[in-house]
Each structure stands twice: as C-alpha cells, then as structure tokens.
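# Results of the structural survey
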Amino acid sequence: MRLLGHKLSIPAQIGLAIIALNLVMAIFAPLIAPYDQAAVLGDAWADPDRQHWLGLDNLGRDLLSRLIYGARMSIGLSFVITALSFFIGIVTGFGAAVAGGWVDQALSRLVDLLLSMPTLIFAFVILSVLGSGLPVLIVTIAILDSTKVFRLARSVAVGLVSLEFVEAARLRGEGWWWIITREIFPNAIPPLIAEFGLRFCFTFLFIAALSFLGLGVQPPDADWGSMVKDYRDMINFGYAAPIYPAAAIAILTIGVNFVVDWMLSIHSRGQGEGA
C-alpha cells in the first residue's frame, strides 16, 4: 500500500486503519450510535444485553452510545485545538524568523516565559478562574501548545530565510506575508505535518487528563477522559466500564504515533538522500 508515492509500513497501515475507524465514529456519531448520549434507558450498571451491547452506565445511559459520541468530542476538540495552535505557532514562528531583530527577540522571550511555567498547573489556574467552557478550553490549550509549534516553526524558518530563493524574494520587494506563505511554508510542510500528529496526541491526552480531573469537557457531553473519571470506581466491583474509554484513548494514540513514526522516517530518508 502506498501513500503520496511512499510505501506504507505495516504499523503505518494499522495506524491509518485505526485513525479511519475513529474518524468515521466521530463524524457519523448520530447515525452510528444506537441511542442519544444523554438518554436514560434503564437501571444504573445494567448488564450488557442485545439492546445495550456494553451495558448501561452509572445513570442508566447506553455505554456504547456514549463511547461513540465521546469519539466526536475527544477527537474533534483535539483537532480544533491543534489546528489553532499550529496557526498561531506557525505565523508567529515564521514571522519572528523573517523579521529578525527585536521582533524575534520579543516573541522568543515571551515563548520562553510561557514554556517555563508547568503546562498543567498553568491550565488549572486559567480554567479555574475563567471556567471550563469549550471556548476557554480551546483558546487556553491552543495558546499553551502554540509555544512548542513556535519553536519548531522558527527553527525551520531560520534555516530557510538565508537561502537564495528567499533572498531573491526580498530583493524583488515581496512582503513578509508573501515570503512566509509562498517561500517558507511550502518548504517546511514535511516536518510540520509530522509535528501536527505529535501535537494532536499531546492535546488529545491533555484534554483527557483535564476531563479526568473535572476541568475538561463538562456533562452531559461525553468524552473519553470524563468517562474514565465517572466509571473508575466500578472496576473494583468487576465492571469493565472504565476500560472501554481508556482503551479507546490508548488505541487512537498508538495509531497516530504509528503514522507519525512512518512520516518521520520518510522525512529522514529524504534528508539523507538530499545530503
């Protein structure tokens, strides 16, 4: 099997299959889920049967339906946050490299300041003060995560701005936005795509951790981190309920990392051949 002209490894094929399955669940959750995520259908912790394949949860809601809807919330929220963090990080990182001077110094020192703060504690403070609504959650995590993207984007751009084609664009009188979008960004895509996968995994796990601690996605919306929190005590009584969302988190993370590892190997081979 090939993708973009490169042969996929077996782990990459497995990773793509996992990602595809989760995307189908996330996109078509209302069509796939047998019940609404908030519908109370019976007694709490009812055993699995033909109508409820995984049984009912602590409020009598269908576990399978909540797991499917949880894919939509967990994956969709992680993707939006990662995309926003990349937009912020790429624009500021490329801008710092192109502008240089005091602009580069000011943005770099601001990023160093943010990176010096423990991410989880800083997120706790912001979410505790401003609330844990989805807009606050998205913006907070995106800004915190954009600092890592900034450092990669600036590092890549610094290596490109000194090349001849960028200097030629400067001599033609092109503005910084044109240089970023037409000259630097197309040549920085491979490492940025691989980094997007890594940052998605980090965001995905970070949201799950915040939800587990009660500061992430709030009821009645289902997400896998909050499901683990809500069901964790039942494992002591022999119920498998907390295992399902925990396994979903682990499997998707492994799948994304399989694909990212393959993309990094392609990029490394390309650099070796170029050298």
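Now for a description of the structure that goes with this document. (Residues numbered from 1 in each chain as written. Predicted model: local features only at pLDDT ≥ 70, side-chain atom pairs only at ≥ 80, totals over all residues. Heavy atoms only, no water.)

As a further point, take a nonpolar patch on the surface. The grouping of Leu 23, Val 24, Ile 27, Phe 28, Leu 31 and Ile 32 at the surface amounts to a nonpolar patch, some 560 Å² of accessible area in total. If you list the elements that add at least two residues to the nonpolar patch, you get helix 1 (10–27) and helix 2 (29–32). Considering every element that reaches the nonpolar patch, the biggest residue donor is helix 1, with three residues. For Leu 31, the location among the structural elements is in helix 2. (Patch = residues over 30% accessible without salt bridge, like charges linked within 9 Å, V, L, I, M, F, W, Y side chains within 5 Å. Areas by Shrake-Rupley, 256 points an atom, 1.4 Å probe, with all protein chains shown as cover. Salt bridge = Lys/Arg side-chain N within 4 Å of Asp/Glu carboxyl O. Helix = DSSP H or I, 4+ residues; strand = E, 2+ residues; numbered from the N terminus.)

The subject of this paragraph is empty space enclosed by the protein. According to the stated counting rule, one finds one cavity of 30 Å³ or more in the structure shown. Within this model, the largest cavity holds a volume of roughly 30 Å³. Forming the walls of the largest cavity are Ser 74, Phe 204, Ile 207, Ala 208, Asp 223, Trp 224 and Ile 249. Looking at the lining of the largest cavity residue by residue, the classes come out as five nonpolar, one polar and one charged. (1 Å grid on protein atoms, 1.4 Å probe; cavity = no way out; pocket = protein on both sides within 12 Å on 5 of 7 lines; lining within 4 Å. Points joined across faces, edges and corners; volume = space filled by probe spheres on them. Nonpolar A, V, L, I, M, F, W, Y, C, P; charged D, E, K, R; others polar.)

Bringing the packing of aromatic side chains into the picture now. Using the criterion set out here, one finds seven aromatic pairs in the structure. Relative to Phe 204, the ring of Phe 200 lies with its centre 6.1 Å away and its plane at 10°, an arrangement referred to as stacked. On the criterion of helical spacing, the pair formed by Phe 200 and Phe 204 is a turn pair, its members being four residues apart in helix 8 (residues 176–212). Clustering of aromatic rings is evident, with ring pairs tying together Trp 45, Tyr 231 and Tyr 239. A cation over a ring is seen here: Arg 199 above Phe 202, with NZ or CZ 4.7 Å from the ring centre. (Phe/Tyr/Trp six-rings, centres within 6.5 Å; stacked < 30°, edge-to-face > 60°. Lys NZ or Arg CZ within 6 Å of the ring centre and 35° of its normal.)

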